[in-house]
Amino acid sequence: MEPDRRRIIYIVVAVIVVFALGWSYFSSKKAKQSDTTTTTKPTVISNLTNLDPTDFDQAVKDEYALAVSKAAEISPDYKIAQIEVNVGEDLQVDSINTRYIFASPNDPANNWMVTVAATTQNYIRALIPKDDYAGNISPFDTAGWKYNYVTALQLAEKAGGLDWRDSNTLSGISLTLKTSDTNSILTWTVQYTRQDGSSKIIILDATSGKVIE
């Protein structure tokens, strides 16, 4: 009886050892597969195309107020007529510069321009002859300005801008807020430009966000 009992004990121990080794092997294999799955996940780069536009609302309001105050120091007759936001090819916040261009009925020859850097709020202001830049623009009613440039960019991305970027080497994006020359409504014009100078333009209603063309 004693040899049979030992034999049974040996068999039980052997089964336990085999089971433990098998469990350890499959657990290790599963962990490696999990690690591989994790490391092969695509990296999402945070930029203006996927940041929350509402996070920029206060900064846009503050920057606009700064530009208005600097224009008013010259003359209260200068009213906002055009806003241009220039974004670098990496679509990062630190690449943004914004031009606020003001027009006055009492100055038929010049516009007043304030250029502000987004990250530092440093600004440059200058009286610019209309023949040199922006032309004969008219002040717009800010009541029609319902969303900021980040929203405008993200709307343009959905309207074909993303597909265009995927097929071209981007050199920069400009977003211009002004009254349309064709239908007199306030619009955002989003222009994607590639390195050879060619571009794609998407025009949005600045009140509704609807694509105009």
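Scoring rules and cut-offs
- Residues numbered from 1 in each chain as written.
- Predicted model: local features only at pLDDT ≥ 70, side-chain atom pairs only at ≥ 80, totals over all residues.
- Heavy atoms only, no water.
- Helix = DSSP H or I, 4+ residues; strand = E, 2+ residues; numbered from the N terminus.
- Buried < 20%, exposed > 50% of the residue type's maximum accessible area, 1.4 Å probe, protein only.
- Contact = heavy atoms within 4.5 Å.
- Areas by Shrake-Rupley, 256 points an atom, 1.4 Å probe, with all protein chains shown as cover.
- Core = buried A, V, L, I, M, F, W, Y, C linked by side-chain atoms within 4.5 Å.
- Pairing = 2+ DSSP bridges.
- Polar contact = N/O pair within 3.5 Å; in protein donor to acceptor, adjacent residues only side chain to side chain.
- Salt bridge = Lys/Arg side-chain N within 4 Å of Asp/Glu carboxyl O.
- Phe/Tyr/Trp six-rings, centres within 6.5 Å; stacked < 30°, edge-to-face > 60°.

Visitor: Got a minute to help me understand the overall build of the protein chain in this structure?
Guide: Helix and strand counts for the protein chain come out as three helices and seven strands. Counting helices and strands in the order they occur from the N terminus, the protein chain gives α-α-β-β-β-β-α-β-β-β. Per-residue burial over the protein chain gives 36% buried out of 213 residues. For the protein chain, long-range pairs separated by at least 24 residues make up 53% of all intrachain contacts whose partners lie at least 6 apart in sequence. Within the structure as shown, the protein chain displays about 13,100 Å² of accessible surface, and the carbon and sulfur contribution to it stands at 55%.

Visitor: Honestly, the nonpolar core in this entry has me stumped. Any pointers?
Guide: Soluble, globular proteins show a tendency: their nonpolar side chains are buried together. Of all hydrophobic cores here, the largest spans 38 residues; its most connected members are I83, F102, Y149, I173, L175, W188 and Y192. Of all the secondary-structure elements, those providing two or more residues to this core are α2 (57–74), β1 (79–88), β2 (97–103), β3 (110–117), α3 (149–167), β5 (170–179), β6 (186–194) and β7 (199–205). Element by element, the count of residues in this core is highest for α3, at six residues. Listed in part, the six residues of the second largest apolar core include A81, I101, M113 and I137.

Visitor: Can you walk me through the pairing of β3 in this structure?
Guide: Successive side chains on a regular strand alternate, one facing one side of the sheet and the next facing the other. The buried fraction of β3 is high, at seven of eight residues. As paired strands, β2 and β3 are joined by six bridges and run antiparallel to one another. Paired with Y100 across the two strands is V114, which belongs to β3. The turn linking β2 back onto β3 is made up of six residues. Two elements, β3 and strand β4 (residues 123–129), share seven bridges in a ladder whose sense is antiparallel. Within the sheet, the bridge partner assigned to V114 lies in β4 and is R125. In sequence, β3 turns back onto β4 through a hairpin of five residues, with Q121 there showing a positive phi of about 65 degrees.

Visitor: I would appreciate a short explanation of the side chain of N47 in the present structure.
Guide: Tracing the sequence through the fold places N47 in the loop between α1 (2–39) and α2. A distance of 2.5 Å separates a polar atom in the side chain of N47 from a polar atom in the side chain of T49. For N47, the residues in contact, after removing those within four places along its chain, are D90, L91 and Q92.

Visitor: Would you take a moment to explain the pattern of salt bridges for this structure?
Guide: Enumeration according to the criterion identifies five salt bridges in this entry. The closest approach of N and O atoms between K70 and E73, which form a salt bridge, is 3.4 Å. Placement of the pair is K70 and E73 together in helix α2, with a separation of three residues, close to one helical turn. Look at K70 and you get buried, because its relative accessible area is 14%. Among the ionic pairs, R165 bridges to E157, the shortest N-O distance being 2.6 Å. A relative accessible area of 10% places E157 in the buried class.

Visitor: In this structure, what is going on with the packing of aromatic side chains? I would like to understand it.
Guide: Aromatic ring pairs are defined here through the distance separating the ring centres and the angle between the ring planes. For the structure shown, the criterion picks out four aromatic pairs. Here Y64 and W145 contribute two aromatic rings whose centre-to-centre distance is 5.5 Å and whose plane-to-plane angle is 90 degrees, an arrangement assigned as edge-to-face. Remark: W145 occurs in the loop between β4 and α3 and Y64 occurs in helix α2; sequence separation between them is 81 residues. A network of ring pairs unites the aromatic residues Y64, Y100 and W145 as a single cluster.

Visitor: What should I look at first to understand the environment of K61 in this one?
Guide: Residue position: K61 is located in helix α2. Sequence separation between K61 and N148 is 87 residues; the distance between their C-alpha atoms is 9.3 Å.

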